[in-house]
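# Examination of the molecular architecture
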Amino acid sequence: MATLSRWCRWKSATFMAALATALTLVTGVSVALAAGPTGATDGAQASAASAAKVATTTSGTSSGIAPAMSCAGLTSLDLAAAVPGVPFEVTSATELAAGSNTLGNWAACDVKGVIAPQIHFEIKLPETGWQANYLQVGCGGLCGNVNVSSAPASARCVPLTSGAFAVAASDEGHYQGGGLFSTDPTLRADFGYKSDHQLAQAAKAVIERYYGQSADHAYFDGCSQGGHQALTEAQRYPTDFDGVIAGAPANNFTALNTFSHAWTAQSVYLGGGPATITNADLADLHAAVLKGCGAPADGIIADPLSCTWDPATIRCEAGQTSTSEDYCLTADQVTTLRRIYAGPTDENGKLLYPGYQLRGSELNWAGIITPATATGASGDISFVRETLRYQIFDSPQPTLTYKDVKFTAAYYKKVMAPNEGMYDATDPDLKAFKAAGGKLILWHGLGDQHIPAVGTMAYYKAVEKVLGGSAATEDFARLFLLPGVAHCGGGQGPDTFDALTAMTDWVTKGEAPSSLTTRSVDSGGNTTASRPVYPFPYVAKNTTGGPADDAGSYTPVRSTAEANLTLNRLGSFRSGYETVGNWVHGKWVVSKGKA
């Protein structure tokens, strides 16, 4: 992987140094011109754009491209027609002090606005340091709030913390975190596929007005629902972003929130009764899994897909009582765990969601898959409830719960047919994105308790099939799997990394990431462990005998289990399922095709 400093330094060509010297002699001010993303700028272009390219601070030094207008002036601009078909307005534009900026130590013009009918957005425009780059970030859950500081795969990237990017986010068209908004068809479409495309258009228009020039490159970074947003952009709007980082994507949204979560809930609460597995079981269960999978001393299973440990191997003998010293499972617990590790299937044994929990993820289940007490509620119950009641049927169904989900081919068709076209981002045909020069980094924690990583592996393999094989895919898209890491971070494995630098190197220099270095970081910001992750289907193996917490101890080894992954599933990754919705003569009309 290209190291952090390689992109953050923004190396200047000899011409840029000479030009800076000349400007110093003419103006009497010491300046340092920012080179373009490729590290060199054409001399004629640099001369013509020198006024815009130099932003002089109070200390007399340059730090990027200067604004072409005042921050407050943005509120007086009439932007209603700035983007055809995307009416929007700026509602406020205030100067944000560097010390108050959660993204980094840089002063910004903090812009807030609305895209019709009610997509609220925020854009942070650097007052100094801007390097003609735009970063759009996603949200989590069902969204419902604007969080411009959520850049999950951009840890410690100096360009982001120093103001090289204008950064924007939206609430996806609604302002509460539940599913109630989906009772309105317009808001459903905004959430499903439309809001991020419209934000990209509006934000780019604001950027062009503020700086007097457009952004040279645009990037997207999101995890969970943010990963879903990222893939929606790559699939439906392939020219919006040059680089897309999609973490733990909830791209198979309909099946995930209906069948996957309901399956684990019905598995834990067998027959609708008390939970068979609670948080108190997880530590002992996890220890048994590590032993059964032959995990190394550091307790991290690098290739969990290859482990087929059966919970029945620790079934309690007649009259045996389970203890921490001699942990065993009841018959119901064995049933529960077998179901969780197998994933949701119909009456013919076909998966209704392309994934299942991997062995080694158990410590991350607390509060999501398992409740605190046998009579308590799990997070899965809540996820299913919002989807069933408000998101997948034509009218609200306020009494439905996870118990009402049927795992049959008929119920699958009933749920998926009217919804996947609006909500899902599972189209594997990324040819247009590739042809536009787009680059995609997919990443997923192998200990993800919300969205099983198997689904992302399966999607990537589907992309490979459509693109014509691994070589044709990896030149623009790569998948990285993080052992032990929970949903969008946390867990037992190193979970802090910087994919933004890797992405910008790929986009601007053509340097594809051969690995990413992940780190465990303590509360003081100190790295306590590091490990490389390699592009799918390679896993990191300690072949040197060196310390397990040192990235230098590892080399890539091809995972047979990942490379040969096949799923017996009812659905499929395919093109042509997408729908779009529009108001036509006062009637909401849904039609086929990508927007």
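Going by the structure above, here's the rest.
Residues numbered from 1 in each chain as written. Predicted model: local features only at pLDDT ≥ 70, side-chain atom pairs only at ≥ 80, totals over all residues. Heavy atoms only, no water.

Across all of its chains, the model carries five disulfides by this definition. Disulfide pairing places Cys-71 opposite Cys-109 at an S-S distance of 2.1 Å. The disulfide joining Cys-71 to Cys-109 has a torsion of about 80° about its S-S bond and is therefore right-handed. With Cys-71 in the loop between helix 4 (50-53) and strand 1 (88-96) and Cys-109 in strand 2 (residues 108-115), this residue pair connects regions lying 38 residues apart in the sequence. We classify Cys-109 as buried; its relative accessible area is 0%. For the chain, the disulfide bridges join cysteines in the arrangement 1-2, 3-4, 5-10, 6-7, 8-9, where the cysteines are counted in sequence order. (Disulfide = S-S within 2.5 Å. Helix = DSSP H or I, 4+ residues; strand = E, 2+ residues; numbered from the N terminus. Buried < 20%, exposed > 50% of the residue type's maximum accessible area, 1.4 Å probe, protein only.)

Turning our attention to the packing of helix 8 (residues 253-268) against helix 10 (residues 331-342). With their axes 8 Å apart at the nearest point, helix 8 and helix 10 run at an angle of 170° to one another. The orientation of helix 8 relative to helix 10 falls into the category roughly antiparallel. Between helix 8 and helix 10, the residues in contact are Trp-263, Thr-264, Gln-266, Ser-267 and Val-268 and Thr-336, Arg-339 and Ile-340, respectively. Looking at the contact of helix 8 with helix 10 residue by residue, the class counts come to three nonpolar, four polar and one charged. (Axes fitted to C-alpha atoms, helices over the stretch in contact; angles between N-to-C directions. Parallel < 35°, antiparallel > 145°, perpendicular 65-115°, else oblique. Contact = heavy atoms within 4.5 Å. Nonpolar A, V, L, I, M, F, W, Y, C, P; charged D, E, K, R; others polar.)

What follows covers the nonpolar core. If you look at the biggest cluster of nonpolar residues, it comprises 64 residues, and the most contacted ones within it are Phe-88, Leu-125, Tyr-134, Leu-440 and Met-457. Once you skip the residues sitting within four places of it in the chain, Phe-88 turns out to touch Leu-79, Ala-80, Ala-82, Val-83, Val-114, Ile-115, Phe-121, Ala-202, Ala-205 and Val-206. Trp-263, Val-289, Ile-301 and Ile-368 belong to the second-largest nonpolar core, a separate cluster that totals 46 residues. (Core = buried A, V, L, I, M, F, W, Y, C linked by side-chain atoms within 4.5 Å.)

For the rest of this paragraph, the subject is the sheet that holds strand 6 (residues 217-223). Read across the open sheet, the nine strands follow the order 1-2-3-5-4-6-7-8-9; overall the sheet is mixed. In the strand order of this sheet, the two ends are held by strand 1 and strand 9 (477-482), each with one partner. Pairwise comparison of adjacent strand axes, ignoring direction, gives a mean angle of 15° for this sheet. Across five bridges, strand 6 lies against strand 7 (residues 243-247) in parallel orientation. Considered in strand 7, the bridge of Tyr-219 is made with Gly-243. (Pairing = 2+ DSSP bridges.)

Between its first and last C-alpha, helix 8 extends 22 Å over 16 residues, near the 22 Å set by a 1.5 Å rise per residue. Summarising burial for helix 8: 16 of the 16 residues are buried, a large majority. (Expected span 1.5 Å × (residues − 1).)

Here we take up the pairing of strand 11 (residues 527-533). For strand 11, a buried count of five out of seven residues is recorded, marking the element as mostly surrounded by other parts of the structure. When strand 10 (residues 516-521) meets strand 11, the two strands line up antiparallel, connected through six bridges. Note that in strand 11 the partner of Leu-516 across the bridge is Val-533. What sits between strand 10 and strand 11 in their antiparallel hairpin is a turn of five residues, with Gly-525 showing a positive phi close to 85°.

Counting buried residues along strand 3 (residues 119-126), seven of its eight residues qualify, which places the element largely inside the surrounding structure. In terms of strand pairing, strand 2 meets strand 3 through eight bridges, oriented antiparallel. When the sheet's bridge partners are listed, Asp-110 is paired in strand 3 with Lys-124. Following strand 2, the chain reverses through three residues before pairing antiparallel with strand 3. Sheet analysis places strand 3 next to strand 5 (residues 165-170), joined by four bridges and oriented antiparallel. Paired with Ile-123 across the two strands is Ala-168, which belongs to strand 5.

Let us now look at unusual backbone geometry. Backbone phi values are negative for most residues with the exception of glycine, while trans is the configuration of most peptide bonds. The omega torsion across Ala-116 and Pro-117 is 0°, close enough to zero to call that bond cis. Structurally, Pro-117 is set in the loop between strand 2 and strand 3. The residue after Phe-536, namely Pro-537, is reached through a cis peptide bond having omega 5°. Mapped onto the elements, Pro-537 comes out in the loop between strand 11 and strand 12 (538-542). Residues other than glycine seldom take positive phi values, yet Cys-488 does so here, at roughly 60°. Positionally, Cys-488 belongs in the loop between strand 9 and helix 17 (499-509).

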